[in-house]
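Observations on the three-dimensional arrangement
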Amino acid sequence: MQALLESVASALNTDPDLAGLAIAWLALTVWGTSVMVLAYCSRLRERAAMDHPPRHPLFPDFGGRKEARSKT
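Residues numbered from 1 in each chain as written. Predicted model: local features only at pLDDT ≥ 70, side-chain atom pairs only at ≥ 80, totals over all residues. Heavy atoms only, no water.

1. Side note on the overall build of the protein
What the protein contains, in helices and strands, is 3 helices and 0 strands. Element order for the protein, N to C, with α for helix and β for strand: α-α-α. Burial statistics for the protein: of 72 residues in total, 4% are counted as buried. For the protein, the accessible area works out to roughly 6,400 Å², and carbon and sulfur atoms hold 67% of it. (Helix = DSSP H or I, 4+ residues; strand = E, 2+ residues; numbered from the N terminus. Buried < 20%, exposed > 50% of the residue type's maximum accessible area, 1.4 Å probe, protein only. Areas by Shrake-Rupley, 256 points an atom, 1.4 Å probe, with all protein chains shown as cover.)

2. Details of the packing of aromatic side chains
Going through the model one piece at a time under the given rule, you end up with 1 aromatic pair. Taking 5.2 Å as the distance between ring centres and 10 degrees as the angle between the ring planes, the aromatic pair formed by Tyr40 and Phe59 counts as stacked. With Tyr40 in helix α2 (residues 16–49) and Phe59 in the loop between α2 and α3 (63–71), the pair connects residues that are 19 residues apart, well separated along the chain. Its relative accessible area of 32% is what places Tyr40 among the partly exposed residues. (Phe/Tyr/Trp six-rings, centres within 6.5 Å; stacked < 30°, edge-to-face > 60°.)

3. A closer look at the side chain of Arg47
Of note, Arg47 is situated in helix α2. Contact partners of Arg47, with chain neighbours within four places excluded, come to Pro53, Pro54, Arg55, His56 and Phe59. (Contact = heavy atoms within 4.5 Å.)

4. Concerning a nonpolar patch on the surface
Taken together, the side chains of Met1, Leu4, Leu5, Val8, Leu12 and Leu18 make up a nonpolar region of the molecular surface, amounting to roughly 570 Å² of accessible area. Here the nonpolar patch gets 4 residues from one element, more than from any other, and that element is helix α1 (residues 2–14). When its relative accessible area of 30% is taken as the criterion, Leu12 is described as partly exposed. (Patch = residues over 30% accessible without salt bridge, like charges linked within 9 Å, V, L, I, M, F, W, Y side chains within 5 Å. Salt bridge = Lys/Arg side-chain N within 4 Å of Asp/Glu carboxyl O.)

5. Section: the confidence of the model for the protein
In the predicted model, the protein carries a mean pLDDT of 85, and the fraction of residues at 70 or more is 85%. Element-level mean pLDDT values for the protein span from 52 in α3 up to 93 in α2. (pLDDT = per-residue confidence, 0-100.)

In structure tokens, the structure reads:
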């Protein structure tokens, strides 16, 4: 593993085009991940504001806890 990392570091140090592509790929990956996280959080807030949100496997169901709290 150490040899592989040294090989990659050497390639990035000697080839500026490859280094630029690696930086662009990393920037796009970080940007895309942050967009997905922000969109998911926004959708969670939107669903929390709904009275009866439709069931979906990617979003937890918090409706049952609200009803249980209001009955006690």
